[in-house]
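# Secondary and tertiary structure notes
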Amino acid sequence: MNLIEALRQKRDKILALWVERTLDSYISSGFFKQSRDKFANPVGTNIQEGLTTLFDMLVKGAAAREYAGALDQVIRIRAVQEFSPAQAVAPILELKWVIKQVFSTDKECKLLLPELDSFDCDVDRAALAAFDLYMECRDRLHNARIRELKSGSYILTDSSCASAAIKQNLQDFSQMS
Amino acid sequence: MAVVKVDKLAKSVAQGPSLMTGSVPMKDWMDVPAVFKPGNYAYPTKPEKLEYLDSQDGVSFPNAREWNPEDDDWKLPEDWKETIIQGLAERLDKFRSLKIFMDCCVRCGACADKCHFFLGTGDPKNMPVLRAELLRSIYRQEFTKAGKIFGRMAGGREMTVGVLKEWFMYAYQCTECRRCSVFCPYGIDTAEITMMLRELLHLVGCGINWAMEPVANSNRTGNHMGLTPQAFKGNVDFLCEDIEGLTGVKIEPTFNRKGAEVLFITPSADVFAEPGLFTCMGYLLLFEAIGLDYTWSTYASEGGNFGLFTSNEMMKKLNGKMYAEAERLGVKWILGGECGHMWRVVHQYMDTMNGPADFLEVPKSPITGTVFENAASTKMVHISEFTADLIKHNKITLDKSRNAHVKATFHDSCNPARAMGLLEEPRYVLSHVVDEWHEMPENTIREKTFCCGSGTALNTDEIMELRMRSGLPRANAVKHVFDKHAINTLACVCAIDRATLTTLMDYWVPEVTVAGVSELVGNALVIEGEKRQELAEGLRTLLF
């Protein structure tokens, strides 16, 4: 059995542990793990779907752009939750630990552990892409704040009343002239 | 009554080695204090706004001060604890519903996974049952025999500064959308528990500026924006100029006109900010097309009522203004625009607060003769009901091809859907103005609709991340119809939705824009004598 065959054979076990550990980062994760309803449980199902696709793509040796959508499913959510940047993207790197964990419990797979270097590099690349994506999400968030401020809703909180503003303008004008 | 279930519900199943980053939580929820940091709380009320409101008749907002939720010391008044317990006692006495809600919950957990804040955060204190427990634990300790004797064993908890901080955190991580109530077998309205938490917090001067400044503005000039009568009129006139440029239709609306048949009231955001402006243009065109005898009011120039998110006295006062103005102008009835919580106030609270509005008539459409019996008491008709009735009687001409650029889905705004049962009318209108639109999945629409995540005065930019995660369940369903049907427009009937869903879509599904249903009506409307330009994007088209 070569490495790829072993990864395919242990796919379900690896994914189960990977998803479990990722969802463990939420305080009350029971529901996120149990509910399979895509619309009732968007965090749990998107993370499960995203990680599953990402794993299959990595095993297939896919290029970064091919798994961009899967990464997005996971990172876009974690970028707006109460995680530090490291915590938000940590699950991607966690895959290396998970695979080693699963392989160590199997006599045949254990022998393949030294061969994981190249696969680990692929995981690192995915984690780096996750950092890029995380930053893109944060930038989008800040731009949204700026847009809301510029769109005029700031008047709700930071403006004086219109007639006072007119009076002020007139005063400024008379001082100028 | 044992409370084991709550603990069980909230118990994390996190086990095994923690991540190097320390993101795996290992503590029980009771031992996790509320920690305030930038991005997870809305800014406190500015002292001058609170002082102004406290000086007004009929309302009380004491303890105005500068304070920062991130500080240990919140500068609470010395007798804060007595004030809170006394305030709770008064409310238990005044509101029978609160007493029942405190007693009848059996912690079945049906509501636990229905809240968009819980679904977006995984924080157990955002489960409606646990959010209510934050108050219920104090109620047990102070007002039940078992709690007084057995304390924590009977689910009681002492009122501490830590608990107060928890209240402030989670009373403002609830948009009072009432989705959880739909699933509660006892019909507990958790929104009303949040309302009580916010009222109690106001007793010690803890509130948020994004709620209180619009309230102060509304009380002073009649609308959230603080627009003066001339500025309000100027904005509507400006929209009429735009309409004339786009369609050749000249509209001259009236303001504060005594003797008009109908008073029209809509959220001030419709006259002031995109994309509500386009919805407002839709109203103006519709009224022109049917020759409605109506007037705007520059005093009742706000449909929204942030009093609902503040205190029952404040809500009553702001709601009363609309009816006082209707009486002053001598109109027969009130037509209301696309607003969310205005309709909750009108349908669920107005009658007992300020009603019955006997000086008005039961609304009757002057165009179709339809009598709106459903509004017999409040005398106020929703624009979607009014428009659907016009379409049903063939009183307006609509050309769907003018909305060829639109492929829509429809978001049921929480309050019209759950608080007044407005489910069919906007869908009926939508079906007559666009060629193609698709429903989102069944458990995310109608009475089970997911909130935009930014209601109840949480639509402020400093909590952008919080808004994005609480809006995830809504956005997730929109993404599904986008992926499946390539929709490009999210139609809705609420001003807060129009503003906040725009930002929500920008983060989660940037290909989708947000539009009011009346905007799409305005796009499709064929008006006699019009000289309509080629409008590739309807009323949003920029002409040079």
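No experiment lies behind these values; they were computed from the predicted model shown. (Residues numbered from 1 in each chain as written. Chains lettered and ligands numbered in written order. Predicted model: local features only at pLDDT ≥ 70, side-chain atom pairs only at ≥ 80, totals over all residues.)

Our focus in this paragraph is helix H11 (residues 209–221) of chain B. All names here are of chain B. With 13 residues, H11 should reach 18 Å at 1.5 Å per residue; the first-to-last C-alpha distance of 17 Å fits that figure. Counting buried positions along H11 yields 11 of 13 residues, so the element is predominantly enclosed. All of the buried residues along H11 are Asn209, Trp210, Ala211, Met212, Glu213, Pro214, Val215, Ala216, Asn217, Ser218 and Thr221. At the exit of H11 stands Gly222, carrying a positive phi of roughly 105°. (Helix = DSSP H or I, 4+ residues; strand = E, 2+ residues; numbered from the N terminus. Expected span 1.5 Å × (residues − 1). Buried ≥ 20, exposed ≤ 12 C-beta atoms within 10 Å, placed from the backbone.)

Residues and elements named next belong to chain B. For Ala376, the position within the fold is in the loop between helix H16 (341–353) and strand E4 (380–382). Accessibility expressed as a C-beta count within 10 Å gives 12 for Ala376, which makes it exposed. C-alpha separation for the pair Ala376 and Ala536, spaced 160 residues apart in sequence, amounts to 41 Å.

To continue, consider the pairing of strand E8 (residues 489–492) of chain B. Residues and elements named next belong to chain B. Residue alternation in E8 divides its side chains into two sets, Thr489 and Ala491 and Leu490 and Cys492, and both sets are buried. Relative to E8, strand E6 (residues 408–410) is paired through three bridges, and the arrangement is parallel. In the sheet register, Phe410 faces E8, and the bridge partner there is Ala491. Pairing of E8 with strand E9 (residues 513–516) involves four bridges; the strand directions are parallel. By the bridge assignment for E9, Thr489 is matched with Thr513. Running through helix H22 (residues 495–508), the crossover from E8 to the neighbouring parallel element E9 is right-handed. (Pairing = 2+ DSSP bridges. Right-handed = clockwise from strand over helix to strand, strands pointing away.)

Attention now goes to the domain arrangement of chain B. Residue and element names in this part refer to chain B. Split into domains, chain B comes out as domain 1 (4–11 + 26–207) and domain 2 (214–537). One C-alpha centre belongs to domain 1, the other to domain 2, and the line joining them spans 31 Å. The interface of domain 1 with domain 2 comprises 27 residues on the first partner and 29 residues on the second. Sort the elements by how many residues they give to the side of domain 1 that touches domain 2 and helix H5 (residues 116–121) lands first, with five residues. Looking at the side of domain 1 that touches domain 2 residue by residue, the class counts come to 11 nonpolar, 10 polar and six charged. (Domains from an automatic or database assignment. Contact = placed C-beta atoms within 7 Å. Nonpolar A, V, L, I, M, F, W, Y, C, P; charged D, E, K, R; others polar.)

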